[in-house]
Amino acid sequence: MRIATWNINSVRLRIELLQRLIDEENPDVICLQETKCVDGEFPLKALAERGFVHAHVHGMKSYNGVAILSRVPLEACEVQHWCGKQDCRHVLAMLPGGVELHSVYIPAGGDIPDPEQNEKFAHKLRFVDEMTEWLAARRSRDRAMVLVGDLNIAPLEQDVWNHKALLDVVSHTPIEVEKLAAMQGSLDWTDAVRHFVPETEKLYSWWSYRARDWKAADRGRRLDHVWVTPPLKNTLKSQKILRDARGWEPKPSDHVPVIVELDLA
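1. Focus: the environment of S253
Okay, so step 1: Locating S253 in the fold gives a position in the loop between β13 (236-241) and β14 (258-262).
Okay, so step 2: Judged by its relative accessible area of 0%, S253 is buried.
Okay, so step 3: S253 sits 240 residues away from L13 along the chain, and the two C-alpha atoms are 9.8 Å apart.
Okay, so step 4: When sequence neighbours within four positions are dropped, the list of residues in contact with S253 reads W6, N7, I8, N9, R14, Y209 and R246.

2. Regarding the sheet that holds strand β7 (residues 99-105)
Okay, so step 1: Taken together, six strands build an open sheet; the order of strands is β5-β6-β7-β8-β12-β9 and the sheet is mixed. Two strands bound the open sheet, and with one partner strand each, they are β5 (75-79) and β9 (190-191).
Okay, so step 2: Running over the sheet, helix α3 (residues 119-138) touches β6 (90-95), β7 and β8 (145-150) and is turned about 170° from β7.

3. Brief notes about the pattern of salt bridges
Okay, so step 1: This model, assessed by the stated rule, comprises 18 salt bridges.
Okay, so step 2: A salt bridge links R2 to E25, with the nearest nitrogen and oxygen atoms 3.2 Å apart. Taken as a pair, R2 in strand β1 (residues 2-7) and E25 in helix α1 (residues 15-25) lie far apart in primary sequence, 23 residues in all.
Okay, so step 3: According to the relative accessible area criterion, R2 is buried, its value standing at 18%.

4. A few points about the nonpolar core
Okay, so step 1: Within the largest apolar cluster, 54 residues are counted, with the highest numbers of intra-cluster contacts made by L18, I30, L32, F42, L69, L101 and V146.
Okay, so step 2: Residues within four places of V146 in sequence aside, it is in contact with I3, V99, E100, L101, H102, W189, V226, W227, V228 and L232.
Okay, so step 3: Of all hydrophobic cores here, the second largest spans 18 residues; its members include W82, W134, M183 and W227.

5. Some details on the environment of Q184
Okay, so step 1: Inspection of the secondary structure assignment puts Q184 in helix α4 (residues 174-186).
Okay, so step 2: For Q184, a relative accessible area of 24% gives the class partly exposed.
Okay, so step 3: For the pair Q184 and E100, spaced 84 residues apart in sequence, the C-alpha to C-alpha distance is 16 Å.
Okay, so step 4: Residues within four places of Q184 in sequence aside, it is in contact with W189, T190, D191 and W227.

6. What about the environment of G98?
Okay, so step 1: Looking at where G98 falls in the secondary structure, it is placed in the loop between β6 and β7.
Okay, so step 2: Residue class for G98 comes out partly exposed when judged on its relative accessible area of 39%.
Okay, so step 3: In this structure, the C-alpha to C-alpha distance between G98 and R143, residues 45 residues apart in sequence, is 8.7 Å.

7. Let's talk about α1
Okay, so step 1: Looking only at α1, the buried set comprises I15, L17, L18, Q19, L21, I22 and E25.
Okay, so step 2: The inward-facing, buried residues of α1 abut β1, β2 (29-33), α2 (44-48), β4 (66-70), β13 and β14.
Okay, so step 3: Just downstream of α1, N26 is the residue with a positive phi angle, here 50°.

8. As for α3
Along an α-helix, residues three or four positions apart point the same way, because every turn accommodates 3.6 residues.
Okay, so step 1: Given a rise of 1.5 Å per residue, 20 residues ought to cover 28 Å, and the 28 Å separating the end C-alpha atoms of α3 matches this to within 8%.
Okay, so step 2: Buried within α3 we find F121, A122, H123, K124, L125, F127, V128, M131, T132, W134 and L135.
Okay, so step 3: Residues of α3 that are buried in the fold lie against β6, β7, β8 and α4.

9. Some words on the sheet that holds β4
Okay, so step 1: Taken in spatial order, the six strands line up as β3-β4-β2-β1-β14-β13 in an open sheet, and their pairing is mixed. The two strands at the open ends of the sheet, each matched to only one other strand, are β3 (54-58) and β13. Strand after strand, the sheet turns through a mean of 10° between neighbouring axes, direction not considered.
Okay, so step 2: Here four bridges tie β1 to β14, and the two strands are oriented antiparallel to one another.

About the criteria used
Residues numbered from 1 in each chain as written. Predicted model: local features only at pLDDT ≥ 70, side-chain atom pairs only at ≥ 80, totals over all residues. Heavy atoms only, no water. Helix = DSSP H or I, 4+ residues; strand = E, 2+ residues; numbered from the N terminus. Buried < 20%, exposed > 50% of the residue type's maximum accessible area, 1.4 Å probe, protein only. Contact = heavy atoms within 4.5 Å. Pairing = 2+ DSSP bridges. Axes fitted to C-alpha atoms, helices over the stretch in contact; angles between N-to-C directions. Salt bridge = Lys/Arg side-chain N within 4 Å of Asp/Glu carboxyl O. Core = buried A, V, L, I, M, F, W, Y, C linked by side-chain atoms within 4.5 Å. Expected span 1.5 Å × (residues − 1).

If you want it as C-alpha cells, here you go:
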C-alpha cells in the first residue's frame, strides 16, 4: 500500500497537481493538509474519476483543513479537536486490515519562538502536548497505526539547511524538537522516512516561497512526516520525497508530497 501525504496549500487551487500526483505515483491513499476548503466544495468528483471514491474530509473556508482520500474503503472515520478549537487539523480513519490512519496538521506557530510573547507559538506547543497525552492514554503501541502530515517541526540537524542558524527559528527550536520527540516516544513511533535515509543525510520537504530560486538556494526543512507504530515497522518497503513537485506548474505548493510504501498483504 502506497500512502502519500501532502500539504497542498489549497486543494481547489491545485487540483491539477493532485491529479498529476495520482497519475505519476499511483498512491492508494492520499492524506492532505491545508485543503482550505469547506467540505461541500471539496473536488471529490475529479478524484473519484481517478479511483479515489472514498474520502474523509474536514475543512473550513480559506484556512487549515485535512483529508484522507482513498481507493480502498475507509471505516470508523473520526475527527479530533485540540486546544478547545475546532480548526480542522486532525482526521483519522481505519484502512482495510485494521490499520488506523491519522492525517494531522500541527499549527505553524508564528514567527516568535516565545509562548509568552506569541500566542500562536503557545498554541503549537499545547497542541503537541495534548496530542502526546491523548495518544499515550487512548492508544496502544501494539495497535497498527500510521500518522502522517505537516507536523511543522524539523526535528533533526540534517532536517534543515542550517542547524545553528535555525535554532531560534520556529519549526526547529529546541523546545519544539523536545516536544515532538515526546510525541514520537508516546507509542514508540518509527519515523518511516528516516528508517530508510540516514540521519546524517540532508532531507527536506518544504522550501519557502520567499526564495527567488528555491532550487538554487535549497534552504529547505523537513516538516512533513510519516510515522508508524511497532506492528508496522517491518512492513515498511520504501519512501520517496517528491522534491521536483516544488517546481510543478502552474502554482506549486511550498511543500512536496511524501510517499511511504508498506507491505500490508
